[in-house]
Amino acid sequence: MTPEGQALLGQGAAELGLNVEGQLPQFEQLLDLLVEANSRVNLTALKTESDIVLKHFVDSLSCLRGGHLDGAGLRVLDIGTGAGFPTLPLAIVRPEVAFTPLDSIRKKIDFVRSAAEALNLTGVTPLVGRAETLGRDPEHRERYDRVVCRAVAALPILAELGLPLLKPGGLLVAQKGPISEEELHAGRRAAGEVGGGVTEVDAFTLPVLGDARTLVVIEKVGPTPKKYPRREGVPNAQPLF
Ligand code: SAM
């Protein structure tokens, strides 16, 4: 990583209240691995160092706002992790948390697995599959303390995919760009249908770049009816609200 890239990472993290100096070698290695893998398979549209540092690394770290991912032994599922975001940056700074990054695309999870191994992130257990399938599997349903997701789907869809996987009292932390009143309203109604309630809407701007972001937190306040999640593809094709 160039000195400029290091400075951007340090500044971005500092604006989030984090000091990542000690983890700089791991972020540098992750950058190298991502750039190398991306030259062979299309993993991410972001190609430049500053884009990867700010829009993948710092952006992922912003999921730590609110402190919902702090706690040794927390079990966190990352739905639609893609090339490992937000999981990989989060696992670098929170090695005491158990992350399960999930994606339906095998080549993406192959990258996440090899990167986690290379960085010695022993708390990361990557999984190929769909959230709808996991949500009906007794080994995964109601087994997670947190579900995170970044840039995956509209809030009503995320509620249906995420809530079945949470233990009672667990939290879905959805990172999104700016969110419309309509989406939020639909998300609140969907959350209610699947046993959740929106407890936090944290609108902020991304460090350095100033892009608008929102963290929406949904708490699992009651059981999710057995009929959810519906079968693969249905939550997207026919959102609850
Ligand atoms: N979270 C990553 C990020 O922020 O860079 C990737 C975002 S990408 C736009 C959305 C990813 O979600 C894709 O890799 C897709 O395969 C995955 N995805 C979408 N719906 C899914 C589902 N129901 N189950 C598992 N993965 C899903």
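Residues numbered from 1 in each chain as written. Predicted model: local features only at pLDDT ≥ 70, side-chain atom pairs only at ≥ 80, totals over all residues. Heavy atoms only, no water.

## So, the sheet that holds strand 2 (residues 98-103)
Taken in spatial order, the seven strands line up as 3-2-1-4-5-7-6 in an open sheet, and their pairing is mixed. In the strand order of this sheet, the two ends are held by strand 3 (127-128) and strand 6 (196-205), each with one partner. Summarising the sheet, strand 4 (residues 144-150) and strand 5 (residues 166-176) pair through six bridges and their orientation is parallel. Residue pairing for strand 5: cysteine 149 is matched across the bridge by alanine 174. Contacts from helix 5 (residues 106-118) reach strand 2 and strand 3, with the element oriented near 155° to strand 2. Taken strand by strand, helix 7 (residues 155-162) contacts strand 1 (75-79), strand 4, strand 5 and strand 7 (212-220), and its axis lies near 150° from that of strand 5. (Pairing = 2+ DSSP bridges. Helix = DSSP H or I, 4+ residues; strand = E, 2+ residues; numbered from the N terminus. Contact = heavy atoms within 4.5 Å. Axes fitted to C-alpha atoms, helices over the stretch in contact; angles between N-to-C directions.)

## A few points about the side chain of aspartate 202
Mapped onto the fold, aspartate 202 is located in strand 6. Contact partners of aspartate 202, with chain neighbours within four places excluded, come to Arg65, Arg213, Thr214 and Leu215.

## Some points on the pairing of strand 1
Taking burial as the measure, the five residues of strand 1 include four buried ones, the bulk of the element. Across five bridges, strand 1 lies against strand 2 in parallel orientation. Within strand 2, the residue paired with leucine 77 across the bridge is threonine 100. Running through helix 4 (residues 87-93), the crossover from strand 1 to the neighbouring parallel element strand 2 is right-handed. Two elements, strand 1 and strand 4, share three bridges in a ladder whose sense is parallel. Counted as the bridge partner of leucine 77 is valine 147 from strand 4. (Buried < 20%, exposed > 50% of the residue type's maximum accessible area, 1.4 Å probe, protein only. Right-handed = clockwise from strand over helix to strand, strands pointing away.)

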